[in-house]
Protein chains: 2
Amino acid sequence: MNKSKTRMTKQRKTILRVLRNTDTHPTADWIYERVKKEIPNISLGTIYRNLNVLAEMGEIMVLDFGSTYSRFDGNPENHYHFRCERCDRVFDIDIPLNRELNMKVNENTPFMAFGHRTEFYGLCPDCQKKNQT
Amino acid sequence: MNKSKTRMTKQRKTILRVLRNTDTHPTADWIYERVKKEIPNISLGTIYRNLNVLAEMGEIMVLDFGSTYSRFDGNPENHYHFRCERCDRVFDIDIPLNRELNMKVNENTPFMAFGHRTEFYGLCPDCQKKNQT
DNA sequence: CTATTTGCAAACGCTTTGCCTGATT
DNA sequence: AATCAGGCAAAGCGTTTGCAAATAG
């Protein structure tokens, strides 16, 4: 099938490093601005191309829950996310995946579930404080 | 705030009826084609405007999980969905919402979860059969 | 060397919006 | 009559892509 030998260009390396070193689930544009500090003449097209390549390689994860634009996660392991309804930021949720839920689907429906994506919504700690005023 | 008195135009009524009478979670374009059979000169802009209005009214639900375009659900009650990885169709999953999951987040993290959206992925019954070949 | 990747800019595709006319209450 | 909604077409906007030049292996 795909015999392409993935080259580790400095652009690709930088994008991956930036993504691994943040936990803010940034947008492509945020990554673009950030990488531009190191590689000033990099183009947005390169950011997108590499994000797609890295996702295919299984190095990162694409989150396209309820929003106009995608967010990217440097942690390719499946885990839960939380979106704050007030500030719209996305956080990692550190509770174990509920694998029984897949079993429930497999046992009670005709569908064959390999896994599931879950996003919680509500208020992040910061916005809970702000809402008290 | 919003003092607009929602008028029930024939366009809006038709769109809502079409959506209520399907369980395929269609795209805006699918709805457009469908409604056009009854109101031939309706415009795509009207479809989008009304889908947004109906969603605000709480009459329907917008699904923008992992895809370039949104899908719409005539059932505004929160429920689980299943996306087939092979044919990309979206189905309703008829198992009860796992509300304890929200509790787990509220008890074990600093986040305040009001709810969660979950999409399962795997193979639908049709595609399971096809995959046996 | 040569196939992959980049930068640039134009193209894409879904969705939104402005404007004016038409319909609803 | 007053205001909300529709039709049409253009604009928006995040993302993708074609192409020639650059570069990793």
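Look above for the structure.
First, a word on scope: everything that follows refers to the structure included in this document.

Calculation criteria
Residues numbered from 1 in each chain as written. Chains lettered and ligands numbered in written order. Predicted model: local features only at pLDDT ≥ 70, side-chain atom pairs only at ≥ 80, totals over all residues. Heavy atoms only, no water. Near = heavy atom within 4 Å. Helix = DSSP H or I, 4+ residues; strand = E, 2+ residues; numbered from the N terminus. Nonpolar A, V, L, I, M, F, W, Y, C, P; charged D, E, K, R; others polar. Polar contact = N/O pair within 3.5 Å; in protein donor to acceptor, adjacent residues only side chain to side chain.

What follows deals with the protein's contact with DNA strand D. Inspection of the region around DNA strand D gives 22 residues, with A:Tyr48, A:Ser70, B:Arg7, B:Thr9 and B:Thr46 positioned closest. A share of 67% of the atoms of DNA strand D within 4 Å of the protein falls on sugar and phosphate groups. Broken down by secondary-structure element, the contributors of at least two residues to the surface near DNA strand D are helix H3 (44-56) of chain A together with helix H1 (10-20) and helix H3 (44-56) of chain B. Ranked by the residues each element gives to the surface near DNA strand D, the list is headed by H3(A), at 5 residues. The residue makeup of the surface near DNA strand D, split by class, is 6 nonpolar, 10 polar and 6 charged.

In the vicinity of DNA strand C there are 23 residues, among which A:Arg7, A:Thr9, A:Thr46, B:Tyr48 and B:Ser70 approach most closely. Note that a phosphate oxygen of DNA strand C is positioned 2.7 Å from one of the side-chain N or O atoms of A:Thr46. A distance of 3.0 Å is found between a base nitrogen of DNA strand C and a side-chain nitrogen or oxygen belonging to A:Arg49. If you list the elements that add at least two residues to the surface near DNA strand C, you get helix H1 (10-20) and H3 of chain A together with H3 of chain B. The element contributing the most residues to the surface near DNA strand C is H3(B), with 5 residues. For the surface near DNA strand C, the class distribution of residues is 6 nonpolar, 11 polar and 6 charged.

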